[in-house]
Amino acid sequence: MSEKKTGNEIVAGCAAAFFMWVVVVPLNGWVLTKLWAWFVVTGFDAKPIGITTAMGLALLFNFTTTNRKFTQRLRDDDEDTVDLVGGMFLFGIVMPFIVLFYGYVIKTVGGA
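**Student:** Which parts of the structure should I look at to understand helix α1 (residues 7-44)?
**Tutor:** The periodicity of an α-helix, 3.6 residues per turn, causes residues three or four places apart in sequence to face the same way. For α1, spanning 38 residues, the distance from its first C-alpha to its last is 51 Å, which sits close to the expected 56 Å at 1.5 Å a residue. The largest bend in α1 amounts to roughly 40° and is located at W36. Just downstream of α1, D45 is the residue with a positive phi angle, here 55°.

Right under this line is the structure:
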């Protein structure tokens, strides 16, 4: 049987989500500016983009490609708040650096 989340768990989850959003959106924008400069500017002779434009593009990409299972996890009563915050940390903070690392390797090996 699932237990209802307490008010404290809900508040903690919302606070963690807000904090992650404040950190994750600029981080994704910064990573996108790097990838854009490495691949789009050099490959297509395009102009560099600023971090706010990159943040908007990252949000657009995320909005159009996000797996909706994570949203369902937010609604599940039996989902542990600690696990949920851990997942948000993994996908919000760690993944941009993994993507940046892969982009750097491709840039270095491919000579982009």
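**Student:** Honestly, the packing of aromatic side chains in this entry has me stumped. Any pointers?
**Tutor:** Describing an aromatic ring pair means giving the distance of the ring centres and the angle of the ring planes. In total, this model carries three aromatic pairs according to the counting rule given. Their ring planes at 85° and their centres at 6.4 Å tell us that W38 and F39 sit as a pair that is edge-to-face. Its relative accessible area of 25% is what places F39 among the partly exposed residues. On the basis of an interplanar angle of 50° and a centroid distance of 6.0 Å, the ring pair of F101 and Y102 is categorised as tilted. What links up through ring pairs into an aromatic cluster is the set W38, F39 and Y104.

**Student:** Just to check I follow, could you spell out the nonpolar core for this structure?
**Tutor:** Nonpolar side chains in soluble globular proteins tend to be buried together. Core analysis: the largest hydrophobic core is formed by 10 residues, namely M20, V24, L27, V31, L35, W38, L84, M88, I93 and L100. Those elements that place two or more of their residues in this core are α1 and α4 (81-110). The biggest single contributor to this core is α1, with six residues. Each residue touching L35, except ones within four places of it in the same chain, is listed here: V40, V99 and G103.

Cut-offs and rules
Every chain is numbered independently, its residues counted from 1 as its sequence is written. Restriction of local features to residues with pLDDT of at least 70 applies here, the model being predicted, together with a cutoff of 80 or more for giving and counting side-chain atom pairs; totals for whole chains, interfaces and linings are based on all residues. Processing note: side-chain calculations cover all non-hydrogen atoms of the structure and skip hydrogens and water entirely. Secondary structure counts use DSSP, requiring at least four H or I residues in a row for a helix and at least two E residues in a row for a strand, with both numbered from the N terminus. A helix is expected to span 1.5 Å multiplied by its residue count minus one. One axis is fitted to the seven residues ending at the residue and one to the seven starting there. The bend at that residue is the angle between these axes. Ring geometry is summarised as follows: Phe, Tyr and Trp rings, the Trp one being its six-membered ring, pair when their centres sit within 6.5 Å, and such pairs are stacked at plane angles under 30 degrees, edge-to-face over 60 and tilted between the two. Buried means the residue's accessible area, taken with a 1.4 Å probe over protein chains only, is under 20% of the maximum for its type, while exposed means over 50%, and partly exposed covers the values in between. Within this scheme, the nonpolar core is defined by two criteria: the residues are buried Ala, Val, Leu, Ile, Met, Phe, Trp, Tyr or Cys, and they are joined through side-chain atoms within 4.5 Å. Contacts between residues were defined by any pair of non-hydrogen atoms, one from each residue, lying within 4.5 Å.

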